[in-house]
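# Examination of the molecular architecture
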Amino acid sequence: MLLAAYLAFLLLLLLCAALELAARRLTPRAAPPAALNPAFRRFQAGFLQAYLLALWADWLQGPYLYKLYRHYSFLEAQIAILYVCGLASCVLFAPVSGWLPQVLGRRRTCLLFCLAYSACCLTKLSRDYFVLIAGRVLGGLSTSLLSTAFESWYLHRHVDARDFPREWIPGTFAKAATWNHGLAVGAGLVANTLAEWFRLGPVAPFLLAVPCLACCAWLVLTEWGREEADGGPDADERPLIPGASAGVHGRPSAKARFYRSCQDGLRCLLSDRRVLLLGGVQALFESVLYIFVFLWTPVLDPHGAPLGIVFSCLMAASMAGSLLYRLATSARYRLQPGHVLCLAVLVAFFSFFMLTFSTVPGQPRPHESFLAFLLLELACGLYFPAVGFLQSRVIPEERRAGVLGWFRLPLHLLACLGLLALHGEVSGSGGGEGGGGTRHMFGGCAAMMLAALMSVVSLFTLSRNDSDLRLEADGF
């Protein structure tokens, strides 16, 4: 497995480089007006510096989390409960993460993220099971804040405080997404270097994340503080008093706005069958990914796989998928995002179907499992931009936050149920411990992907002639 992982990593890097060059040739881009505005470029750079540090700290914790728990001699069933605690805390904190920026202020909420995630990383120094559970709960809070607080601050400053054109917003997040892929690949390399080459153990990447989070907090305090000072007084950044019925200008309280967002989101979800089907696809597909995050390490680790390099390979495969999406939807190939989504779900189904045969107890085939994991990540690279496009067309912008919050509820619940089902079996590491729980779980994931595929087909049967779900001719 060692040689296969390094060889796959080199090949995937070459593939990504080739796809990037092809995508640039087929989708030439003129310099947008935002790039010519020095005030916007300074504002954007200040945001991205802090945000990318937060993402980097998050990715550092990916390769060796399961390995750390095994290093502390916990059983697979105990580790499953730790993962369930993290997912359950995501369910509990997801609504709070949208409410906190309105109560504490957006910048203070980003600082809370840095503090909570640093505490989460430091809990990994303990071998006490309940301390580790507390760390998972903090991790759930931090993950929820990462997905809302930074974006909330940027959107507010961009639109309300700076009054930059809304059309410039996607450019910032596209740049963040591009860097995010590279950070994920690099995080695997750095984690592997610390844990295996320098023999510092699986806790080392978590400790490295702490100074990264400290730097992020410093940028939020200084650069973002200077940005807010330069932008003048900002009433919306002042925290509101929970329970107050209205602010100083007659605005609804944070609590009232939160409940209204939830109600509007649920109403939109139930009134439009397209939104309901799209939510079903997202819940099924992404809940399976949480189960995959738990299972990939016990499948490959017993066979000597360098986990950091494997993680980098997985992230590089996801990057290749996103580049393939750019190519597929370019003017030359003219595939619609709906077609790409269908292809992504089909590839993911095939990956889990492969895994049900490569994880037979007593006859594990780690190289085939590794290939299946790479195909699954390739499918993820195709899936996320495709589903993001469809969400932007189907869900009204003012209700999107509420609808996506409802999407995440079944997503996390399905993942928790899957891990609890695995906890209830005497499961093995792809057969390494003599059990068939891992194989059964992959079979269940394949069934969920098949259900997701049926939901995609139903969505586009319902909306066959719906122009909202298609790229415009001039977009190619």
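In this report, the structure presented in the accompanying data block is examined. (Residues numbered from 1 in each chain as written. Predicted model: local features only at pLDDT ≥ 70, side-chain atom pairs only at ≥ 80, totals over all residues. Heavy atoms only, no water.)

### Regarding the side chain of Ser455
- Its place among the elements puts Ser455 in helix 16 (residues 437-462).
- Here Ser455 is in contact with Leu277, Val281 and Leu284, once residues within four sequence places are set aside. (Helix = DSSP H or I, 4+ residues; strand = E, 2+ residues; numbered from the N terminus. Contact = heavy atoms within 4.5 Å.)

### Structural notes on the nonpolar core
- Within the largest apolar cluster, 151 residues are counted, with the highest numbers of intra-cluster contacts made by Phe113, Phe150, Phe294, Trp296, Leu300, Phe352 and Phe373.
- Dropping the residues within four chain positions of it, Phe294 is found in contact with Tyr66, Glu76, Ile79, Ala80, Tyr83, Leu419 and Leu422. (Core = buried A, V, L, I, M, F, W, Y, C linked by side-chain atoms within 4.5 Å. Buried < 20%, exposed > 50% of the residue type's maximum accessible area, 1.4 Å probe, protein only.)

### Overview of the side chain of Gln61
- By secondary structure assignment, the location of Gln61 is in the loop between helix 2 (38-60) and helix 3 (65-71).
- The class of Gln61 is buried, set by a relative accessible area of 7%.
- One polar contact links the side chain of Gln61 to the main-chain carbonyl oxygen of Ala57, over a distance of 3.1 Å.
- Not counting residues within four places of it along the chain, the set of residues in contact with Gln61 comprises Tyr117, Cys120, Cys121, Phe206 and Ala209. (Polar contact = N/O pair within 3.5 Å; in protein donor to acceptor, adjacent residues only side chain to side chain.)

### What about the packing of aromatic side chains?
- What the rule picks out here adds up to 31 aromatic pairs.
- A ring pair is formed by Phe40 and Phe164, whose centres lie 5.2 Å apart and whose planes are at 80°; its orientation type is edge-to-face. You can see Phe40 sitting in helix 2 and its partner Phe164 sitting in the loop between helix 7 (149-161) and helix 8 (169-197), a full 124 residues away along the chain.
- The lysine or arginine in question, Arg136, covers the ring of Tyr83, its NZ or CZ lying 5.0 Å from the ring centre. (Phe/Tyr/Trp six-rings, centres within 6.5 Å; stacked < 30°, edge-to-face > 60°. Lys NZ or Arg CZ within 6 Å of the ring centre and 35° of its normal.)

### Focus on the environment of Ala209
- As for its position among the elements, Ala209 is in helix 9 (residues 204-230).
- On a C-alpha basis, the gap between Ala209 and Asp58 in space is 7.5 Å, while along the polypeptide they are 151 residues apart.
- Apart from the residues within four sequence positions on either side, Ala209 is in contact with Ala57, Leu60, Gln61 and Cys121.

### Brief notes about helix 4 (residues 76-104)
- Under the 1.5 Å per step criterion, the end-to-end length of helix 4 is 39 Å for 29 residues, consistent within 8% with the ideal 42 Å.
- By the largest-angle criterion, Phe93 marks the main kink of helix 4, which is about 40°, and a proline, Pro95, follows within four residues.
- Following helix 4 by one or two positions, Gly105 has its phi on the positive side, about 100°. (Expected span 1.5 Å × (residues − 1). Bend = angle between axes of the 7 residues up to and from the residue.)

### Considering the packing of helix 2 against helix 7
- Where helix 2 meets helix 7, the closest approach of the two axes is 11 Å, and the angle between their N-to-C directions is 175°. Between helix 2 and helix 7, the angle falls in the class roughly antiparallel. From helix 2, Phe40, Phe43, Phe47, Ala50, Tyr51 and Ala54 reach across to helix 7, where they touch Phe150, Trp153, Tyr154, Arg157 and His158.
- A per-class count over the contact of helix 2 with helix 7 returns nine nonpolar, one polar and one charged. (Axes fitted to C-alpha atoms, helices over the stretch in contact; angles between N-to-C directions. Parallel < 35°, antiparallel > 145°, perpendicular 65-115°, else oblique. Nonpolar A, V, L, I, M, F, W, Y, C, P; charged D, E, K, R; others polar.)

### So, the packing of helix 4 against helix 6 (residues 129-146)
- The N-to-C vectors of helix 4 and helix 6 enclose an angle of 35°; their axes lie 7 Å apart at closest approach. For the element pair helix 4 and helix 6, the recorded crossing hand is right-handed. Contacts from Gln78, Ile81, Leu82, Tyr83, Cys85, Gly86, Ser89, Cys90, Phe93, Ala94, Ser97 and Leu100 in helix 4 reach Tyr129, Leu132, Ile133, Arg136, Val137, Gly140, Leu141, Thr143, Ser144 and Leu145 in helix 6.
- Looking at the contact of helix 4 with helix 6 residue by residue, the class counts come to 14 nonpolar, seven polar and one charged. (Left-handed = near helix turned anticlockwise from the far one by under 90°.)

### So, the pattern of salt bridges
- Tallied over the full model, the rule gives seven salt bridges.
- With its nearest N and O atoms 2.7 Å apart, the salt bridge here joins Arg162 to Glu227. Here Glu227 lies in helix 9 and Arg162 lies in the loop between helix 7 and helix 8, a separation of 65 residues in the sequence.
- For Glu223, the salt bridge identified is with Arg226, shortest N-O distance 3.0 Å. Here Glu223 and its partner Arg226 are both found in helix 9, three residues apart, which amounts to about one turn of the helix.
- Look at Arg226 and you get partly exposed, because its relative accessible area is 44%. (Salt bridge = Lys/Arg side-chain N within 4 Å of Asp/Glu carboxyl O.)

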